[in-house]
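A look at the structure
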Amino acid sequence: MKFMKLGSRVDTFYTTGDVKSVSTEVSTDIVIIVEETKFLLHKFPLLSKCLYLQRLCSESSVTLKASQELVIELDDFPYGIDVFEICAKFCYGIGITLSPLNIVSVRCAAEYLQMTEDVDKGNLISKLEAFLNACILRGWKDSLLTLQSTKLFPTWSEDLEITSRCIDAIATGVLSFPVKPNLSSYTYSKLGKDDMESNGVASQRNGGVVASQGWWAEDIAEFGIDLYWRMIVAIKSGGNVPANLVGKALQIYVSRWLPNISKEGIIKSEDDSESIREITVKYRFLLEAIVSLLPTEKGSVSCSFLLKLLKAGNILSTSISSKMELARRVGTQLEEAKVSDLFIPTLSADGTQYDVDIIITILEQFMVQGQSPPTSPPRAKAKLRRRSRSAENFNFEFLETRRSASASHSSKLRVAKLVDGYLQEIATDPNLPLLKVIALAESIPDFSRPEHDDLYRAIDTYLKSHRDLNKSERKQLCRILDCKKLSAETCMHASQNELLPLRMVVQLLFIEQARASMVGGTVTDLPNNIKVLLGTQEEDSLKPLPPIRNITIIKPTEEEWRSMSGPTSPSSKISTLRMKLTEDEDQMDDVVKNTNSKLKSFQSFRSIPARPKKMLSRLLSLNRIT
């Protein structure tokens, strides 16, 4: 910490109760009252340095009698008794000590008393400005301490540009050394930048030591959001600090100032004098300021951190623009998130536990980021020739595009697993509307779900928690499920699930029968309706399928499928089917009619006699002529 001493005379000020006076042979002739404390002083040393006191004395002497003592009350002097005493000692030439801890208050008091060069050469203001610019603003710790002291006098500090100069000095220090080798924030702030550079510690920055990132983040995190916002803006405008370091600094600041929001949405205050409303407004302003400071580069902050901000934004009821900005940022890197990160509480009146609408908005933003894979490049001709540089550049750009496209496809697969896991967790909410579940499930494209086991678990959980759904609503929910993408174990469980619609149970039984037939080697003897359910192409329906070896059906345990009941033998499946048939005979009649019509059409197609080859060739020739 830098110090400056002014004056050489011995301190002769002494205090008696509420009176401060100077021990001299000359009697005092002026009384100055500051905060009910009387200063018994002399006119000549004070008026020769302070223009403001000169004006007050000239105005008071008009009405003052010869026998009366001159008394001046400084009611609006906001800097305290000690600061006025420092200014008075400077006028007497008594030694004073200035440091980053008191320079702001003394500078503001000198401005108040108008201790300028017009009154006397080498006055207090000029000396303070020289010390501030030459020493304090050149040191990291001194600049931080001086900026902290400006909070006591914000208006005067802004008018005198002390705050702006300290912020510029701090930003310059960060931009000069955005990363430091082997220097932690604690060590760096305690010693000060100038001290460490003088000791040769900072000279290691050009070596091969791994740099410690964000050494400045914890130091500036001690400031309020108003000063912190200005410092980050100044640092970002310099363009020399990586975006990930700025993001790390914002994360440190949020953990320092926004830790008291609980998962239940209750805001706890350390200061009991503050009301909940005041705390909410303060935190809301802080959160919106942090959102405005987020770097635009993707990956500068983690997806988990963005979702925490979004969760706090929902609790604090921040602006719609801040929420949408966070949702857009989360959508660009949603594949990094975890299921627990998506539990964003809602304060809506519908009684739901989590905000599903914001998750759907995030998924929409995520899908906008994806791009379809590019087409393959043109094939090279058989003739060998040397490729030009433009062709090599094209191939390089093409490979990079394909690599980014494949990464986008893999991210969609991860997001699909994430959404299915999220659906399983929120499906137990009794107030969760059916339409939101369907919208959330359908927000993922079909190709992103190669298997539907997790989606089935979410549907099964929702049906168990919402047993009041009618048949139409259950059909609407199960319509998002593709039975052909279920594994053998899941299909076995679903075929015995009494909560599923009857048509889906029949379809699942057909699929199980088809899979059991495929294990034998071919499916040529399967009915046409089973081949349709399996998605078999019509032109390949009579071709034998290659044998499938080493296929074993693993029965699920009770812990894996708690909802499973009854034996798993074919007889139990038939009994379950019969029970469901008795519940809804009309639907079963439609299924049987459709199945019989498909079988009849298939048999009629098989009964067509084969045509001779000559007749077929003539028909083909006629078609070509026409």
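Residues numbered from 1 in each chain as written. Predicted model: local features only at pLDDT ≥ 70, side-chain atom pairs only at ≥ 80, totals over all residues. Heavy atoms only, no water.

The condition is simple: UniProt positions are given in the numbering used here, feature names are shortened, and annotations may be inferred rather than shown by experiment.
Labelled according to an unreviewed UniProt entry, the chain appears under the name NPH3 domain-containing protein, originating from Papaver somniferum. Recorded in UniProt for the chain, the comment headed Pathway (unreviewed entry) runs: "Protein modification; protein ubiquitination." Under the UniProt heading Sequence similarities (unreviewed entry), the entry covering the chain gives this text: "Belongs to the NPH3 family."

A short note on the nonpolar core
Here is the rule: Here, nonpolar core refers to any group of buried Ala, Val, Leu, Ile, Met, Phe, Trp, Tyr and Cys residues whose side-chain atoms link them within 4.5 Å. When accessible area is computed with a 1.4 Å probe and restricted to protein chains, residues below 20% of their type maximum are described as buried, those above 50% as exposed, and intermediate ones as partly exposed. Any two residues having at least one pair of non-hydrogen atoms within 4.5 Å are treated as being in contact.
In terms of nonpolar packing, the biggest core is built from 150 residues, with L41 and W216 touching the most fellow members. Dropping the residues within four chain positions of it, W216 is found in contact with W140, V174, P178, I232, I235, V241, L245, V246 and A249.

Brief notes about helix α3 (residues 81-92)
This is how the line gets drawn: Here a helix means four or more residues in a row that DSSP labels H or I, a strand means two or more in a row labelled E, and each is numbered from the N terminus. The span one expects for a helix is its residue count, reduced by one, times 1.5 Å.
The end-to-end C-alpha separation of α3 is 17 Å, in line with the 16 Å expected for twelve residues at 1.5 Å each. Most of α3 is tucked away: ten of the twelve residues are buried.

A look at the pattern of salt bridges
Heads up, the rule is: Salt bridges are counted wherever a side-chain nitrogen of Lys or Arg sits within 4 Å of a carboxyl oxygen of Asp or Glu.
Under the definition given, this model contains 19 salt bridges. Across the pair K417 and E451 runs a salt bridge whose closest N-O atoms are separated by 3.5 Å. Here E451 lies in the loop between α19 (434-442) and α20 (453-465) and K417 lies in helix α18 (residues 389-426), a separation of 34 residues in the sequence. Among the ionic pairs, R449 bridges to D420, the shortest N-O distance being 3.0 Å. Of this pair, R449 sits in the loop between α19 and α20 while D420 is found in helix α18, placing the two residues 29 residues apart along the sequence.

Some thoughts on the environment of K141
Its location among the elements puts K141 in helix α6 (residues 140-149). Here the alpha-carbon distance between K141 and P100, two residues 41 residues apart in the chain, equals 9.1 Å.

Some words on the packing of aromatic side chains
Defined as follows: Put simply, two rings from Phe, Tyr or Trp (the six-membered ring, in Trp's case) pair if the centres are within 6.5 Å, and we call them stacked under 30 degrees between planes, edge-to-face over 60, tilted for the rest. Any Lys NZ or Arg CZ that is within 6 Å of a ring centre and within 35 degrees of that ring's normal is treated as a charge sitting over the ring.
All chains considered together, the criterion is met by 14 aromatic pairs. Note on Y253 and W257: the rings are 6.1 Å apart at their centroids and 40° apart in plane angle, and the pair reads as tilted. Remark: W257 and Y253 occur in helix α13 (residues 243-257); sequence separation between them is four residues, near one turn of the helix. Through pairs of rings, three or more aromatic residues link up here, namely F39, Y52, F77, Y79, F84, Y112, F153 and W156. Taking the ring centre of W257 as reference, the NZ or CZ of R256 above it sits at 4.4 Å.

Details of the environment of I480
Its place among the elements puts I480 in the loop between α21 (471-478) and α22 (488-494). Here the alpha-carbon distance between I480 and A439, two residues 41 residues apart in the chain, equals 9.9 Å. Filtering out sequence-adjacent residues up to four positions away, I480 remains in contact with I438, A441, E442, H452, L455 and I459.

Considerations on the pairing of strand β2 (residues 13-16)
What counts is decided by this rule: In this analysis, strands are considered paired if DSSP registers two or more bridges between them.
Strand direction decides the pairing type here: β2 and strand β3 (residues 19-22), joined by four bridges, are antiparallel. The residue bridging T15 from the neighbouring strand is K20, located in β3. Counting the residues that bridge the hairpin from β2 to β3 gives two residues, and of these G17 lies at a positive phi of roughly 65°.

Quick notes on the sheet that holds strand β4 (residues 30-34)
The condition is simple: Here, axes are lines fitted to C-alpha atoms. For helices the fit covers the stretch in contact, and angles between N-to-C directions go from 0 to 180 degrees.
Taking strand neighbours across the sheet as the criterion, the five strands line up as β2-β3-β5-β4-β6 in an open arrangement whose pairing is mixed. Of all the strands in the sheet, the pair left with one neighbour each is β2 and β6 (70-73). With strand direction ignored, the average angle separating the axes of adjacent strands in the sheet is 20°. With three bridges joining them, β3 and strand β5 (residues 37-41) adopt parallel strand pairing. Paired with S21 across the strands is L40, a residue of β5. Most of the contacts of α3 go to β5, to which it runs at about 5°, and overall it touches β2, β3, β4 and β5.

Brief notes about the packing of helix α16 (residues 320-332) against helix α17 (residues 356-369)
To describe two helices that pack against each other, one gives the angle between their axes and the distance between the axes. Heads up, the rule is: Any angle that falls under 35 degrees is termed roughly parallel, while one over 145 is termed roughly antiparallel, one within 65 to 115 roughly perpendicular, and all others oblique. Left-handed describes a crossing whose near helix is turned anticlockwise from the far helix through less than a right angle; right-handed describes the clockwise counterpart. Note on residue classes: Ala, Val, Leu, Ile, Met, Phe, Trp, Tyr, Cys and Pro are nonpolar, Asp, Glu, Lys and Arg are charged, and everything else, Gly too, is polar.
Contact pair α16 / α17: the axes reach a minimum separation of 7 Å and the direction vectors enclose 50°. Between α16 and α17, the angle falls in the class oblique. By crossing handedness, the relation of α16 to α17 is classed as right-handed. Between α16 and α17, the contacting residues are M324, A327, R328, V330, G331 and T332 on the first element and I358, T361, I362, Q365, F366 and Q369 on the second. Residues belonging to the contact of α16 with α17 are distributed by class as follows: six nonpolar, five polar and one charged.

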